[in-house]
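Okay, here's what each chain looks like letter by letter:
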Amino acid sequence: MSSSSLFNASLSPLNPNQHPIRRHPSPSLLRHRPVAVSCTSDGNTTTPIETSVKPPRRTENTIRDDARLHRSTAVNPFSARYVPFNAPPNSSEHYSLDEIVYRSRSGGLLDVEHDMDALKHFDGAYWRDLFDSRVGKSTWPYGSGVWSKKEWVLPEIDDDDIVSAFEGNSNLFWAERFGKQFLEMNDLWVKHCGISHTGSFKDLGMTVLVSQVNRLRKMNRPVVGVGCASTGDTSAALSAYCAAAGIPSIVFLPANKISMAQLVQPIANGAFVLSIDSDFDGCMKLIREVTSELPIYLANSLNSLRLEGQKTAAIEILQQFDWQAPEWVIVPGGNLGNIYAFYKGFKMCQELGLVDRIPRLVCAQAANANPLYLHYKSGWKDFKPMTASTTFASAIQIGDPVSIDRAVYALKQCDGIVEEATEEELMDAMAQADSTGMFICPHTGVALTALFKLRKQGVIAPTDRTVVVSTAHGLKFTQSKVDYHSKAIPDMACRFSNPPVEVKADFGAVMDVLKSYLGSQKLRS
């Protein structure tokens, strides 16, 4: 039976010393109002000036207008710049963030380097209180989970140039039943980054990149539009934020390789979409060539600005655990910028005194697109790109990842691990998670498969606090779920499928089916 006909009817123990959902702000935090941070210098001493942000009055002012009224006039002590990624200490190469540059002089990746000495003028307690004071507010731009950490992201950008949908602040879900039933774990969490403006974690980075483009255009820099190659989620985020700012967006998509839900997003947001007869790697090659010739700003994760926004998800995890680091964080990996972004967020918190340690990271790849996994298993010997095969985890169907060097560095620094998931494993894991109340994407199924394997190997203990990062909303991948529960996927058993039961419109027939079902539930319990 086809999936369409089958679904026709449907479609017309805890640690006693640490409760996992404890989140009690201290009395001092309750009194700590949102502040705009600046500082003055008096001799050798730098002291913060905290300008209280007052509630907006009932006027015609927008929240941007209100932010202007309460803007501090003191000198901003914080700054950031581009430097070559993992450059030697004696390197003097650097670039302003207002320059349009994607590679170092040697052709390597760039990184955004913050003035850590300036940030260290304030201790960890100060930063914790400041970030906590901004959560849940509508004050521009701090209502965003990204811009609530503005001093650590793009410290020099004017608030008027920021393009934000108040992204971030995503749910950290205690996966109680899934952890206990399938993994014998009592402290398993899922960071739902897909519960966001366009349905994926890409919003976190795109708000930063498009905000900087907005700034450059106001400075009359030669930027006509913003372009990206995408397997779906990047194009959705880019087109939405560009549309909000009135900036043209250009998208290169691999033909017939992404879901309709992903394809419709850039179209609906007015992007100029090119469907390319190639895979993601081919689209990436083309967009890099095009942006070197035309005044189109490159928005892929080769551009390190996006990683500054994505790292805030790591900071949020620590914040949601009352500034306590979990033992493990598992991240799906394709182009591999995200694994480095998480490492960078955790490491900044450690260096600036917000936490005393960082978690171990696991990068999870689909077996059909697993160049990092093969590199890891070889003992980090010569990296070999591959031609990725089709995977249900389409956003990570990448065989030649741009951020391979970043990912390897991050994993080595935190004693990280790389695991893989076959198509059947990732789809089964997705179905198991959904059966406990989640509705996850296939990429999260990849991460959960990695967790299954590491639990079985005894690497992750049953009491280890573990966070699985869910990168996109399950509603973007409904067709894969329909096919799974219809058992319409060739050569896949679909062991956890749950198809509707067809029954005649007859009371006796319905009663017989329900009695059989309820009896089976009694046996399970």
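Structure report, in brief.

Scoring rules and cut-offs
- Residues numbered from 1 in each chain as written.
- Predicted model: local features only at pLDDT ≥ 70, side-chain atom pairs only at ≥ 80, totals over all residues.
- Heavy atoms only, no water.
- Pairing = 2+ DSSP bridges.
- Helix = DSSP H or I, 4+ residues; strand = E, 2+ residues; numbered from the N terminus.
- Axes fitted to C-alpha atoms, helices over the stretch in contact; angles between N-to-C directions.
- Contact = heavy atoms within 4.5 Å.
- Expected span 1.5 Å × (residues − 1).
- Buried < 20%, exposed > 50% of the residue type's maximum accessible area, 1.4 Å probe, protein only.
- Right-handed = clockwise from strand over helix to strand, strands pointing away.

### So, the sheet that holds strand β7 (residues 225–229)
- Overall, parallel pairing links the four strands, which are arranged β9-β8-β7-β10 in an open sheet. With partners counted over all chains shown, the strands left at the sheet margins are β9 (272–276) and β10 (296–298), one partner each. Neighbour-to-neighbour, the strand axes of this sheet turn through a mean angle of 25°, independent of strand direction.
- The sheet contacts of helix α10 (residues 233–245) involve β7 and β8 (249–254), and relative to β7 the element is tilted by about 170°.

### A closer look at helix α15 (residues 337–351)
- For α15, spanning 15 residues, the distance from its first C-alpha to its last is 21 Å, which sits close to the expected 21 Å at 1.5 Å a residue.
- Counting buried residues along α15, 12 of its 15 residues qualify, which places the element largely inside the surrounding structure.
- Those residues of α15 lying buried are Gly337, Asn338, Ile339, Tyr340, Ala341, Phe342, Tyr343, Lys344, Gly345, Phe346, Met348 and Cys349.
- Positive phi appears at Gly353, one or two residues downstream of α15, with a value of about 85°.

### A short note on the pairing of β8
- By the criterion of burial, β8 is predominantly enclosed, with six of the six residues buried.
- The alternating pattern of β8 places Ser249, Val251 and Leu253 and Ile250, Phe252 and Pro254 on opposite faces, both of which are buried.
- Here four bridges tie β7 to β8, and the two strands are oriented parallel to one another. Residue pairing for β8: Ala229 is matched across the bridge by Phe252.
- Note on the crossover from β7 through α10 to β8: the handedness is right-handed.

### So, unusual backbone geometry
- Cis geometry marks the peptide bond from Trp140 to Pro141; its omega dihedral reads -5°.
- Locating Pro141 in the fold gives a position in the loop between α6 (124–134) and α7 (150–153).
- With a phi angle near 55°, Asn86 is a residue other than glycine that sits in the positive phi range.
- Structurally, Asn86 can be placed in the loop between β3 (80–84) and β4 (110–114).
- Phi at Trp380 is positive, roughly 60°, even though this residue is not glycine.
- Within the secondary structure, Trp380 is located in the loop between α16 (371–377) and α17 (404–413).

Purely geometric numbers; function is a separate question.
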